[in-house]
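# Structure assessment
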Amino acid sequence: HGPHVEAWRDALATKQAAPYMSHLLPGSDVGTVAFCPHEDVLGVGHATGYSSLIIPGAGEAAFDAFEANPFATKKQRRETEVHALLEKLPPDTITMDTNVIGTVDKAPAEREAEMAAARAAAEAARKARVKEKKKTRGRSKSAKKLARKSANVNDERRERVRQAMTKRARDRERAKRGETEPDALDRFDAPPSLL
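Since the model is a prediction, treat every value here as computed from it, not as a measurement.

## Regarding the overall build of the protein chain
Across its full length, the protein chain holds five helices and five strands. Secondary structure elements of the protein chain occur, N-terminal to C-terminal, as β-β-β-β-β-α-α-α-α-α. Looking at the protein chain as a whole, 7% of its 195 residues are labelled buried. Considering only contacts within the protein chain whose residues lie at least 6 apart along the sequence, 20% involve residues at least 24 apart.

Now the structure itself:
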């Protein structure tokens, strides 16, 4: 009536307090109103022309023709997916042996031993493939390399020092026992057995 267009949701099913949508066409009287079939579009003819209004949810729902039940719950969709997968399998793979179902595996220890042996073999193969790292820890410095090269020169000096240290140790032992170091002139003395 007049310049106003109102759309009510389920007005015939339950009593509504307010319209779902309302639209004002200022300066023109509304003549005819019609919905486009299967669309959410309301065509409004008025004194100054024609207007199209979009009313969400007004058109009929367009169902997916390829889907069996568009209103299926989550559980129903899951069941239909399982049935569809089972239909793809050959029937002889689906049959169940009632003697096997519900029984306990009698050889888990043997299977565990086989798996442990396989893991050990794989670990041994992996360790064999690992390349040993070159750990120098400071021995690769140029001064250290030079010192190793000149080790032969130092060996003679090292041998003299070692001999001197062993001689000192022997002298200390003799001093503890009360023996004196033999002199060069001691060889001219008479042996103790002749005295």
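Next comes the rest of the account.
## So, the layout of surface pockets
One number sums up the size of the largest pocket: a volume of about 160 Å³. For the largest pocket, the lining is made up of 14 residues, of which Ala7, Trp8, Phe35, Ile55 and Ala58 are closest to its centre. Those elements that place two or more of their residues in the lining of the largest pocket are strand 1 (4-7) and strand 3 (30-35). Of the residues forming the lining of the largest pocket, the biggest block, three residues, is contributed by strand 1. Class assignment of the residues belonging to the lining of the largest pocket gives a composition of ten nonpolar, one polar and three charged.

## Some points on the pairing of strand 3
Within a regular strand, side chains alternate between the sheet's two faces. Relative to strand 4 (residues 41-46), strand 3 runs antiparallel, the two being bridged by five bridges. Its bridge partner being in strand 4, Phe35 is matched across the sheet by Leu42. Between strand 3 and strand 4, which pair antiparallel in sequence order, lie five residues; one of them, His38, sits at a positive phi of approximately 60°.

Calculation rules
- Residues numbered from 1 in each chain as written.
- Predicted model: local features only at pLDDT ≥ 70, side-chain atom pairs only at ≥ 80, totals over all residues.
- Heavy atoms only, no water.
- Helix = DSSP H or I, 4+ residues; strand = E, 2+ residues; numbered from the N terminus.
- Buried < 20%, exposed > 50% of the residue type's maximum accessible area, 1.4 Å probe, protein only.
- Contact = heavy atoms within 4.5 Å.
- 1 Å grid on protein atoms, 1.4 Å probe; cavity = no way out; pocket = protein on both sides within 12 Å on 5 of 7 lines; lining within 4 Å.
- Points joined across faces, edges and corners; volume = space filled by probe spheres on them.
- Nonpolar A, V, L, I, M, F, W, Y, C, P; charged D, E, K, R; others polar.
- Pairing = 2+ DSSP bridges.

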